[in-house]
Every structure is written in C-alpha cells, then in structure tokens.
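Notes for the structure review
For reference, the chains in residue letters:
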Amino acid sequence: MSSNASNHARIPILYLILGVLLAISTIPMYFYSAQVESSNGERLKTNEQLLQNTITRSLADDLSEHERSLRMMLANLSSAIQVASGGDIGDKNIEAPELRALLENFVSSSSEEIAYATLLNSEAKGIYTGKITPDAFLQRELERAYAAARDGRVYSGQALVVGEGKNTRTVFLVSCPVQYGPRFLGMIASVVDLQFLIRRLREVSGGGLTPYVVDAQGRLVAAATPEFATGQDMKNLDIVRNFVERGNKAQLAETREFKMTAATEHIDMLGTYSPVTSLDWAVVVQKPIRDAYREVYEMQRTARLLAIGLVLLSIGVSIFAARRITNPLHVLTQSSRALAKGDFSQRVHLWSRTEIGELAQTFNTMSEELERFVEDLKRAADENRALFMGSIQMLAGAVDEKDPYTRGHSDRVTRYSLMIAKEMQQPSSFLEVLQVSAQLHDVGKIGIEDHILKKPGALTQEEFEVMKTHTTKGANILRPVTQLAEMLPGIELHHEALDGRGYPYGLTGDQIPLLARVIAVADTFDALTTNRPYQQAHTPDQALQIIKNLAGKRLDPAAVAALLAVYERGDIKIQRFTIKRPIAAPQPQPPAPAVAAAAAAAGPAEPAPLERTRL
C-alpha cells in the first residue's frame, strides 16, 4: 500500500530534467534578450535625440553667425558713411554720390542676402537701394527701426512676406543708428532675404523630420515646406509653447515628446528647439515618434521574434535531450526491479556509447556473475578504493609540479620581442635591456599559487585579481638588484593597455614605456599560438588577425606592424607541442564587463578573453 503511494507521489525524472534544461536555456535567454532590447532601445532613442539636437544647434549657430556678420557689416558701413560725409548727413549731403555708392556697394556685396537697404538722416530723409519696394508692413517696420535708432538701439524686426507670386520673399529688417560721438546722425536699415535660411531648412528636412524657425511670440519665421505660412501662430504645438513660456530663460536646447493634432488625429511627436538668443528666435525640428523611433521598434520586433524562435528551439532540443537521457534510465530501472525480485536472467538490451551504455554492460555482467563473484566484488571494491586514494595522492603530487604548458614561453617571448624591436630599428642598447626584461617578464608568477596558475580554464574575478599581481611581484623581486632597474618597466608594465584597461596601474598611450609595449605584443602572440589548458593554439594567421584587431586599443600599432612584417618575411617559425594532461571542464560563468569589451574589440576571431588568460 505504502509502496504504491510512493510510486504515485514520485516525480518522473523526465520532467525534472526537462524542467532544468528549459530553465537554464530559456530563463537566461529571456533576461539577456530583455536587457539587450532595453539597452539598445534606449541607445537608439538617445541617438535620435542627439541627432535632432545637433541639427537645431547647427542651424541656430548659422543664424547667429549671419546676424553677427550683418551687424558687423552695418557697423562698418556706418563708419564709412561718417568718414565720407565728415559727420554730416543732413539735407545737403544725404544724397551725395559717395554715400549712394557706399549703400549700393553694401547691397551688391551681400550675395543676394540684402534685398533692400536705406540710409536716413536725423530728419528721416535719405536714400535707398534694393530689389524690392517696401509695402505698408515693411514701412511700419522701418518706422519702428527709426524710433529705436533715435534711442540709440539696434533693431531686429519680425519676419514678413513681401512680393507676390514667384517674387514672394520672406524677409526681416535689421537696423543700427549712425552716430557721431553722442550726436545722432541717422539710421542704416537693411532688409534681409531669408531664402538662405529656407534652403538650409530644406537641406535637413526629410525622413519625417520637419524643421522651422519661430520668433519669441511663437510666430513662424521660416519653414522648409509650404504647409506653414510666415507669421502663423505655432503656439498650438507644445514644443513652441514651451520656448515662448520660458522667454529669456531659454538659453539651451531642449528635447521633449509632445502630441500634435492633425485634423482629427492625435500624433505623438518628438521635437527639439535650440534658441537663437541674438534674435530671440528658436530653431525647431519635430518628427513623429513612429518615424523617430522606427529603428527601435524594428529592433524590438526582431529581437522578440528571434527570442521566441530560440525559446522554441530550446524547448525542442530540451525535450529531445531529456528523452535521450531518461529512456535508457527507464530501461535500467525496469531491469533493476526484476533483479531485485531475484530474476538474475534479466538482461538489459541497450546500445549506447555514453556512460549509460557502459552501465548497462556492467549491469549485465553483474547479473551473470552476481552469486559466484560476490566476494570478488567486495575485494575488487577494496582494491578500487585503494587505487582511487593512490590516484588522488599522485594527482596532488602532479599539481606541485610546474605547469608544462608555459615551458619555453619566456624564451619565445624574448625571441619575438627582439625581432620586433629590430624591425622597429631600435638601438643595440635598447635590445640589450629588452632581452633581459623579456626573459624575466613573468618571473612574478613564482609568487602565484599553483591552483590559480595551473587552473584549466578561465579564472574567476578573485583569481584574476591575484594573477594580476604577478607583474608587481616580479618587479618587487628584482627591484633590489640595481643593475636590473632599466628592465623593471618591461616586467611590471607589460600587461598595460593603450586604452587604459590594462594593469597594474591603468596607464594609457605614451605613459606605457616602449619596452613594455614591445613585450606585450610578443607575449600576446605566443599565448595565442601555443596550447594552454584553457584554449587550443591558434594558427599564426588567426593570431595575427586577433592582434591586428587589438592594435591601437590594447597593443602598440607600431609594434604590431613590426610583428606582421617579421612574420611575412618568414622569420618566425611556430613549432607545436602536444602535452597530454587531463583538463577539467571549466564551469560556466558570465563574462565580466572587461571580458565582453575585449571580445567585442577583437572581433569574431578572438580567442578566450585575453583579460583572464595567463599570458
């Protein structure tokens, strides 16, 4: 009764194995996919916002530069008028030929940006020249500009549309007073054609991006498309209303999401404005969020489809693997139950090359000879125990021996280092120092525990921190020997990287002595082309490709180029050695951030992460 109850309560191992396989395959995949999707999505959104910010800032800078240039031209013209008129532009001198020539030259030299210019004296009489005739609106702007000039102020007017049909122009007025000392002489006013601004707005439009310029009251100055009219009130858009409400406080660019109503449709938008402080204007760009974040949505959709496909594949593989494991176990279970009931004729008909197949064969042998050899089995068990304990003792003794995988490493690094330095045409004095430094570059590993030094696989973070001390240990061991002072940089700093991600001090670029940079290239090349307990040796061509990918990031480009030249001449001969030694399977572990960065920098051909290898 109790036996039947326990049978019903027992969970089939198939479900357990299937659950474990699914858990270790799908859960990490889900979290990794979600993390990648989130980080990449935020990065793409930031890139779009930065793009809008760059566009508006560039246009705002162009406008500011045009305004400053125009102000300077007006100031120069004012000075020239004062000199030409002797400080008198009254009724008798205002129409002097030289003053008219100065005004006409001012307009003609402006590359068609000045559509109209006028010079008025203190009695509001004067001369003018240009390609347009002021209408009533422009006349009012001239009156406001003249009033500002009498107060000694410069004036920048609002954008206006003048002309009709093909001659329609968007313009605005800029003026400055003409003064001789404190005395008011008159005013110079110029009407600027904003066609140059419209061209720039059209250049950056496209792909759903709509650029335009508004003034401090939120009225449209210029736009890239005819759907907006100059003077149109744009404050119905949140991005424009925010600029108007901030007023003089709007000194920096701002990016925000807002809603825009088009007919009966509400559209989510992403917009950015950059103020043009000298004109109290703002350059605005806006784009529908569905277009702005299109790449984000496509990436998310692709990532989800890929994740779903991989999960389904993992489920299928997990079911297949679980059945491959549990079916032989089921057969063995049935045979064991028969044997427990005394049926020694029971045989397991199971073919497998795995340990389960060996177990089945052993089971059959046991069934055939169980009664006759029960005492022999007890004795064999004692012998196996003694053999096992002896093997443990021998393995412990073997661990005390030096690791054969790095035998000859220092000699090869020395030879490669000298070849590189000679190719770089270094003097003989440098070669002498290099030879000793390279030969002793790993002397500090004598102070590293064997369980770390000989570990057959990638090091943990803690073990790697211990391993990294071999550089300073080596330098400290040799530092009391004053004759080796010149060699210490190569011993202590040969694991520094140009990008500052090396150790022990995180030096960058030229802070790392050439001695250490040469040894680093040779050390990396030898580590990649020799068998190690944590990796198989790469071919020289594979190793050189990896090293080229690291040039300028971790390794010195000049030293890398020298190594390539030496190898292409055939001076380097790689001899392969096979070392038979049991290698424990490394436990799975997530890569550290530094490991992932080095793997990404090296490209797809890179070996096990160099940050955690024992070079």
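Note: the structure precedes this text.
Criteria and cut-off values
Residues numbered from 1 in each chain as written. Predicted model: local features only at pLDDT ≥ 70, side-chain atom pairs only at ≥ 80, totals over all residues. Heavy atoms only, no water. Helix = DSSP H or I, 4+ residues; strand = E, 2+ residues; numbered from the N terminus. Buried < 20%, exposed > 50% of the residue type's maximum accessible area, 1.4 Å probe, protein only. Contact = heavy atoms within 4.5 Å. Areas by Shrake-Rupley, 256 points an atom, 1.4 Å probe, with all protein chains shown as cover. Salt bridge = Lys/Arg side-chain N within 4 Å of Asp/Glu carboxyl O. 1 Å grid on protein atoms, 1.4 Å probe; cavity = no way out; pocket = protein on both sides within 12 Å on 5 of 7 lines; lining within 4 Å. Points joined across faces, edges and corners; volume = space filled by probe spheres on them. Nonpolar A, V, L, I, M, F, W, Y, C, P; charged D, E, K, R; others polar. Arc of directions from axis to C-beta. Pairing = 2+ DSSP bridges. Axes fitted to C-alpha atoms, helices over the stretch in contact; angles between N-to-C directions. Parallel < 35°, antiparallel > 145°, perpendicular 65-115°, else oblique. Core = buried A, V, L, I, M, F, W, Y, C linked by side-chain atoms within 4.5 Å.

1. A short note on the overall build of the chain
Across its full length, the chain holds 20 helices and 11 strands. Taken across its 615 residues, the chain has 41% of its residues classed as buried. A fraction of 60% describes how many contacts in the chain between residues 6 or more apart in sequence connect residues 24 or more apart. Of the roughly 33,900 Å² that the chain leaves accessible, carbon and sulfur atoms contribute 56%.

2. A closer look at the pattern of salt bridges
Evaluated as defined, the whole model comprises 21 salt bridges. Here D571 makes a salt bridge to R569, at a shortest N to O gap of 3.2 Å. What makes D571 partly exposed here is its relative accessible area of 38%. Among the ionic contacts, a cluster of salt bridges with common partners joins D62, R200 and E203.

3. Digging into empty space enclosed by the protein
This model, assessed by the stated rule, comprises 2 cavities of 30 Å³ or more. Quantified by volume, the largest cavity comes out at close to 80 Å³. Here the residues of the lining of the largest cavity sort into 4 nonpolar, 3 polar and 3 charged. Taken as a whole, the second largest cavity encloses approximately 30 Å³ of empty space. Taken together, E496, L498, I512, R517, A520, R554, L555 and D556 make up the full set of residues lining the second largest cavity. Within the lining of the second largest cavity, the residues separate by chemical class into 4 nonpolar, no polar and 4 charged.

4. Remarks on helix α18 (residues 540–550)
Because an α-helix packs 3.6 residues into every turn, residues spaced three or four apart end up facing the same way. Those residues of α18 that fall on the buried side of the exposure criterion are P540, A543, L544, I546, I547 and L550. For α18, the angular spread of the buried residues around the axis is 160 degrees, confining them to a single face. With its phi angle positive at about 85 degrees, G552 sits one or two positions after the end of α18.

5. Considerations on the sheet that holds strand β7 (residues 210–214)
Here we have 5 strands laid out as an open sheet, ordered β8-β7-β11-β10-β9, and antiparallel in their pairing. Edge positions in the sheet fall to β8 (220–223) and β9 (254–262), since each of these pairs with one other strand and no more. When the angles between neighbouring strand axes are averaged without regard to direction, this sheet yields 30 degrees. Sitting on the sheet, helix α6 (residues 238–246) is in contact with β7, β9, β10 (265–276) and β11 (281–288), with an inclination near 125 degrees to β9.

6. Quick notes on the packing of helix α11 (residues 409–423) against helix α19 (residues 557–568)
It is the contact of α11 with α19, at a shortest axis distance of 8 Å, that shows an interaxial angle of 105 degrees. Between α11 and α19, the interaxial angle falls into the category roughly perpendicular. In this structure, α11 contributes M419, I420 and E423 to the contact, and α19 contributes A559, A562, L563, A565 and V566. Grouping the constituent residues of the contact of α11 with α19 by class yields 7 nonpolar, no polar and 1 charged.

7. What to know about the nonpolar core
If you look at the biggest cluster of nonpolar residues, it comprises 43 residues, and the most contacted ones within it are L63, F106, L119, L194, L197, V213 and W281. For this core, the secondary-structure elements that each account for two or more residues are α2 (13–85), α3 (97–108), β1 (114–121), β5 (169–180), β6 (183–193), α5 (195–204), β8 and β11. With 8 residues, α2 is the single largest residue contributor to this core. Each residue touching L194, except ones within four places of it in the same chain, is listed here: A159, T170, V171, F172, V221 and W281. Counting 37 residues, the second-largest nonpolar core is a separate cluster that includes L484, L515, F525 and L544.

8. As for helix α14 (residues 461–468)
Those residues of α14 lying buried are E463, F464, M467 and K468. Down the axis of α14, the smallest arc covering the buried residues is 140 degrees, so these residues share one side. Where α14 is buried, its residues meet α13 (450–453) and α15 (470–478).

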